[in-house]
Amino acid sequence: MERRPIIGISSSVIVDEAGSFAGYKRAYVNKDYVDAVVRAGGVPLIIPFSTDKEVIISQAQLIDGLILSGGHDISPYNYGQEPNPKLGETFPERDTYDMLLLEESKKRNIPIIGICRGFQLINVAAGGTLYQDLSLIPGNILKHFQGSKPTLKTHMIKIEENSVISSIFGKETMVNSFHHQALDKVADDFRVVARASDGVVEAIEHKTYKFLVAVQWHPEMLAVECEKARELFTRFIEEAKK
């Protein structure tokens, strides 16, 4: 039987707010990431958050592909800015953890996908910057944080040709949207491959790395009922088999 690739999914920490274990910390990731990997033929491995550098390096050595998942705002100190009043909750220790997972995974040349926070972190790690809130972007900005179910697509994106994203989704597609920050300066190593009609960057791809794709929307949520979203994970898993 063919070995199924092991796909690491970065995680966060969630704190119980009530009940018998109020205040208790738990390792956490949304189950949609796990389901998307299984559906595409991979073996999901949730990577527990750690502050131990040697542990993180060892974790990265276990996997055949990496998904950097969503979560907290990235600390603006990672891209040379002070916090704006509209900055959300940050988790600087997780920034360090995610960046080290990313660095070690790139050393091994394994495929990488960044989603939402993961998308933004990949840009910041490579020298890019963020708008700390969408309201700081000049012009008329779309609603990018939908108040509805995860599988509902709420706005259109335009996609550049000759990209992994275009080979799956075509020239345009509708996406779901759950973010209040956005890319500002795009890191030099990346090209923008999708934007919303208001100019907000929705996807980037590394110019030379074999498979490093990052998206602002949540394909793992859409994969429940969207064939093209599932195809993104299938393509990722196929790369992880190589």
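All values reported here derive from a predicted model rather than from experimental measurement. (Residues numbered from 1 in each chain as written. Predicted model: local features only at pLDDT ≥ 70, side-chain atom pairs only at ≥ 80, totals over all residues. Heavy atoms only, no water.)

Notes on the environment of histidine 155
Along the chain, the position of histidine 155 falls in strand S8 (residues 155-159). You can call histidine 155 buried: its relative accessible area is 5%. Setting aside residues no more than four positions away along its own chain, histidine 155 makes contact with Leu142, Lys143, His144, Thr173, Met174, Val175, Ser177, Ala196 and Glu202. A polar contact of 3.5 Å, which involves the side chain of histidine 155, links it to the side chain of histidine 144. A polar contact of 3.4 Å, which involves the side chain of histidine 155, links it to the side chain of serine 177. (Helix = DSSP H or I, 4+ residues; strand = E, 2+ residues; numbered from the N terminus. Buried < 20%, exposed > 50% of the residue type's maximum accessible area, 1.4 Å probe, protein only. Contact = heavy atoms within 4.5 Å. Polar contact = N/O pair within 3.5 Å; in protein donor to acceptor, adjacent residues only side chain to side chain.)

Focus on the packing of helix H2 (residues 53-60) against helix H3 (residues 92-107)
What describes two packed helices is the angle between their axes and the distance between those same axes. One can describe the packing of H2 onto H3 by two numbers: an axis separation of 9 Å at closest approach and a directional angle of 45 degrees. Compared by their axis directions, H2 and H3 come out oblique. Taken as a pair, H2 and H3 cross one another with a handedness that is right-handed. Contacts between H2 and H3 pair Lys53, Ile56, Ile57, Gln59 and Ala60 from the former with Tyr97, Leu100, Leu101, Glu104 and Ser105 from the latter. (Axes fitted to C-alpha atoms, helices over the stretch in contact; angles between N-to-C directions. Parallel < 35°, antiparallel > 145°, perpendicular 65-115°, else oblique. Left-handed = near helix turned anticlockwise from the far one by under 90°.)

Things to note about the pattern of salt bridges
Per the counting criterion, the structure on display carries twelve salt bridges. The salt bridge involving glutamate 104 is made with lysine 107; its shortest N-O contact spans 3.0 Å. Of the two residues, glutamate 104 and lysine 107 are both situated in helix H3; the distance of three residues between them amounts to about one turn of the helix. The exposure class assigned to lysine 107 is exposed, which follows from its relative accessible area of 57%. Two residues, lysine 158 and glutamate 172, come together in a salt bridge whose shortest N-O distance is 2.5 Å. Of this pair, lysine 158 sits in strand S8 while glutamate 172 sits in strand S9 (residues 172-175), and the two are 14 residues apart along the sequence. When salt bridges that share partners are traced, they join Arg94, Asp95, Asp98 and Arg117 into one network. (Salt bridge = Lys/Arg side-chain N within 4 Å of Asp/Glu carboxyl O.)

Side note on unusual backbone geometry
The phi torsion at cysteine 116 lies on the positive side, around 55 degrees, for a residue other than glycine. The phi angle at asparagine 162 is positive, at roughly 55 degrees, despite the residue not being glycine.

With respect to the pairing of strand S11 (residues 190-196)
Pairing of S8 with S11 involves three bridges; the strand directions are antiparallel. Counted as the bridge partner of lysine 158 is arginine 195 from S11. Sheet topology places S11 next to strand S12 (residues 201-206); five bridges connect them, and they run antiparallel. Note on S12: the bridge partner recorded for phenylalanine 190 is histidine 206. Connecting S11 to the next strand, S12, in antiparallel fashion are four residues, including glycine 199 with a positive phi near 95 degrees. (Pairing = 2+ DSSP bridges.)

Examining the sheet that holds strand S1 (residues 6-10)
With respect to topology, nine strands assemble into an open sheet ordered S4-S1-S5-S6-S13-S12-S11-S8-S9, the strand pairing being mixed. Looking at strand neighbours, the two that pair on one side only are strand S4 (43-47) and S9, the edges of this open sheet. Pairs of neighbouring strands in the sheet enclose a mean axial angle of 20 degrees, with direction left out of account. Across the face of the sheet, helix H4 (residues 117-125) comes into contact with strand S5 (65-68), strand S6 (112-115), S11, S12 and strand S13 (212-215) while running at roughly 115 degrees to S6.

Brief notes about H2
Taken together, the buried positions of H2 are Ile56, Gln59 and Ala60. Each buried residue of H2 sits inside an arc of 95 degrees when the element is viewed along its axis, so together they form one side. In this structure, the buried side of H2 is in contact with S4 and H3. (Arc of directions from axis to C-beta.)

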